Each structure stands twice: as structure tokens, then as C-alpha cells.
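What the coordinates show
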Amino acid sequence: MTAETDARIARLLHHRKPGLGQGDPIVPPIVPSATFHLPTVQTGSTIYGRNGNPTWDAVEAQLAILEDAEVTSFPSGMAAIAAALFATLKAGDRLVIPSDGYYVTRVLSDGFLKPLGIDVQAIPTAAYATADFTGAAVVYLETPSNPGLDVVDIKAIAARAHAAGAVVIADNTTMTPLLQRPLDLGCDLVVAADTKAPAGHSDVLFGHVAGRDAGHMARVRDWRRMSGAIPGPFEAFLVHRGIETLEVRLERMCRSAALVAERLAAHPSVRGLRYPGLPGDASHWAVGGQMANGGFLIGFELPDATAAEAFLARCPLIEQSTSFGGTHSAGERRARWGDAVSEGFIRLSVGVEPVEVLWPAITAALDR
Ligand SMILES: Cc1ncc(COP(=O)(O)O)c(C=O)c1O
């Protein structure tokens, strides 16, 4: 981590201090109130539970420090993505999305945006580098993509999309603002599923939109208030607690992932290994530049669906679940959701287990 990131983490941990009075709790209270004392009409957030909530404010303050931007929180990553898309698109617009990114973004675009008159153009992440964005209103990118781990050059794509007059939205879920900073690289809005590494304990869904343009962020906030896609205060509390340890968890997870990827690369049963941190990976050029490191996600192929399912069932330290970024290592055969990957492709999310216990469990499950 850079000195700038270190300073951000320290600020995040103590963000409540300047506002604390004698006897106030250090930890933000869970405020479950739907209504607030309102003898006169006022502006601000604590008017009604759909406008604002002090526990959301606490987690948004943390995320604003991490993103160096205004932040609006949502009850899931998809709620954040929907907000960013509905806030920036109108009938007749063209939206460019990745054909190999998180599949629900595509399903949402096809199922709900297309019928409203939006031209949805899905292209592979690898094709962004040469795509023509002329006529696009929104260029939406996800890098590294889930699950293929292909990357785009964020700065170059943002510049080209802006030259074409488009708004640029980046899904930064697989990296988090500690490992990759799309807003610094020119994107207009960041969307993220804080369900993953930021909350980190697989016990809550959450999301956020971040941006530095007041106009875009006002639309996003209005969308939340009017659509009613609001987070719960208890969920906000859990995410606030999770974010406090994001950096230490990421450090362990990414270090372990680098080691596991290196060892998987040498394993005779493993094919098609993807880990951006490995020299030779197609995404490696981005590591040390726009990506602070290779992350905690690994993709690899076993010969077929049966071999992949058997491996996942056999390994006692890999949870068979459809998420990533949690404390537990988790793995999944992604073709079961229809992702454009081979039948034996596994997405492995490396957790915080000590790696010299995790690796023997992985290799034993591969070898049996
Ligand atoms: C890259 C990416 N973006 C967004 C989401 C959606 O997040 P949520 O499940 O919190 O709605 C996911 C979920 O897996 C994801 O992987």
C-alpha cells in the first residue's frame, strides 16, 4: 500500500472522532428509526427513513474517504448498479457493457433497459481496447472482469469514451478502492458490491455508487430516494464494521492468492489458469499500474464439470458458494450460471486461512 493509502486507512478508522462528544459511542449506533423529530420543514438527510439514516451516514463517510468522492450507499451491489444506470441513461441512448462481466448487469440491461428504448451493446472486456464508442451515452466497464479476470486500460478507455461524449461507469467490485481507483483514472462513477471484500464476512449484501460530479451524484441520490432502494441500518452497521479491517484482510488474501496461483500454475491437473498477478497472465500488464496487486480471485480449469464439482466438494477449506471476497475461501464452477467459460472453469476466491494450511488442502483435493 502507498503512504497515501495508509493515511486514508488511518483516517477511515478514526472518522467519527471529530464529531464525538463526552460519552458518545465510538462505534456508530444502529438507528432503526423510520421517522425523525421534525418540528419544522428542513433539508438534509434525517427527515424520513427513505431520505437518510445516521448509520448509512457512518458507512458512507468511510467509503467517501476510501473513494475520495461523494458516496451513496445501496442495499446490494445490483441496487447500486441499477441506480447508476437509471441515473445516467434515457430512451434512445446506447449503453456499452461487457459481455463477460457479472452476468446480472447484462440481464438487468437486456430485461429492463432495452424495453425502455436503450440500445444495449455487449462486447467482451478484451474488445474494449479497440471498440468504437461513437454514439455511446454510457460506457460501463468491469475490470478485472468477473469471472474471466480480463482487464481494460481504465485511463485510456475513459479518455476515449469521454471524447465520444459518454459517461464512464466502472464496476470496481473485484478490486475495491484500496487496490484500484477508477475515479482517479477518469471514470465518472464507480459502482461496487460491498457484499464482497468490503463487508467481508458473507453476512450482508450492500453496495455503493461513488462519484466526484455533483450532478451525477444528485441523480443517484434521487434515484435511491424515489425508487426506495435503501439499505437497512443494521446492514450499514455490519458493513461499517467490515470496512475497518478491509485492508488487513486484503493483504492476507492477496498475498495468499499470489502464492496459490503460482503453485496452481505448476500443478499438472490445472489448465487455463488466470491470475493477473502472475507474469505471463494476459492481465499482468495492469498490475503495479492501475491495479495495486493481482487481487484475491483466481480462475482455472479442470478437465470437465465432474472433475470441477468433485474438487470443490472434496476440499474442506473451500466453501461451495456463489460469492467472493469473504474470510472463507470460496469456489464455484461458473458455467453453472451460464458464464461464457468452459464447463470445468472454477473461480476461486482466496480467504484469510493461513496459506500453508490452505494450499495442502487444495493440492490434496486436486490430487485425489
Ligand atoms: C462484479 C460484481 N458486481 C456486482 C455484483 C452484485 O452485487 P450484489 O450481489 O451485492 O447485488 C456482483 C455479485 O456477485 C459482482 O460480482
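Let us look at the structure shown here. Keep in mind it's a predicted model, so treat the numbers as computed, not measured. (Residues numbered from 1 in each chain as written. Predicted model: local features only at pLDDT ≥ 70, side-chain atom pairs only at ≥ 80, totals over all residues. Heavy atoms only, no water.)

1. Thoughts on the site of the ligand
Taken together, 14 residues are adjacent to the ligand, and Gly-77, Met-78, Asp-171, Thr-195 and Lys-196 come closest. Here Asn-146 contributes a side-chain N or O atom positioned 2.9 Å from an oxygen atom of the ligand. In isolation the ligand has 390 Å² of accessible area, and contact with the protein removes 93% of it. A majority-of-atoms criterion places the ligand in the largest pocket. Of the residues that constitute the shell around the ligand, the class distribution is 6 nonpolar, 5 polar and 3 charged. (Near = heavy atom within 4 Å. Polar contact = N/O pair within 3.5 Å; in protein donor to acceptor, adjacent residues only side chain to side chain. Areas by Shrake-Rupley, 256 points an atom, 1.4 Å probe, with all protein chains shown as cover. 1 Å grid on protein atoms, 1.4 Å probe; cavity = no way out; pocket = protein on both sides within 12 Å on 5 of 7 lines; lining within 4 Å. Sits in = over half its atoms within 2 Å of the grid points. Nonpolar A, V, L, I, M, F, W, Y, C, P; charged D, E, K, R; others polar.)

2. Focus: the sheet that holds strand β9 (residues 297-301)
Read across the sheet, 5 strands follow the order β8-β9-β12-β11-β10 without closing on themselves; strand pairing throughout is mixed. Since the sheet does not close on itself, it has two edges, and those belong to β8 (271-274) and β10 (319-320), each with one partner. In this sheet, strand β12 (residues 345-349) lies alongside strand β11 (residues 330-333) in antiparallel orientation, the contact comprising 4 bridges. Paired with Arg-333 across the two strands is Ile-346, which belongs to β12. Sheet contacts for helix α9 (residues 305-314): β9, β10, β11 and β12; angle to β11, the most-contacted strand, approximately 160 degrees. (Pairing = 2+ DSSP bridges. Helix = DSSP H or I, 4+ residues; strand = E, 2+ residues; numbered from the N terminus. Contact = heavy atoms within 4.5 Å. Axes fitted to C-alpha atoms, helices over the stretch in contact; angles between N-to-C directions.)

3. Re the packing of helix α1 (residues 3-13) against helix α2 (residues 54-67)
In helix packing, the relevant descriptors are the interaxial angle and the interaxial distance, both defined with respect to the helix axes. The contact between α1 and α2 brings their axes to 9 Å, and the two run at 170 degrees. Viewed along their axes, α1 and α2 adopt a mutual orientation that is roughly antiparallel. Here α1 contributes Arg-8, Arg-11 and Leu-12 to the contact with α2, which in turn contributes Gln-62, Ile-65 and Leu-66. When the residues that make up the contact of α1 with α2 are grouped by side-chain class, the tally is 3 nonpolar, 1 polar and 2 charged. (Parallel < 35°, antiparallel > 145°, perpendicular 65-115°, else oblique.)

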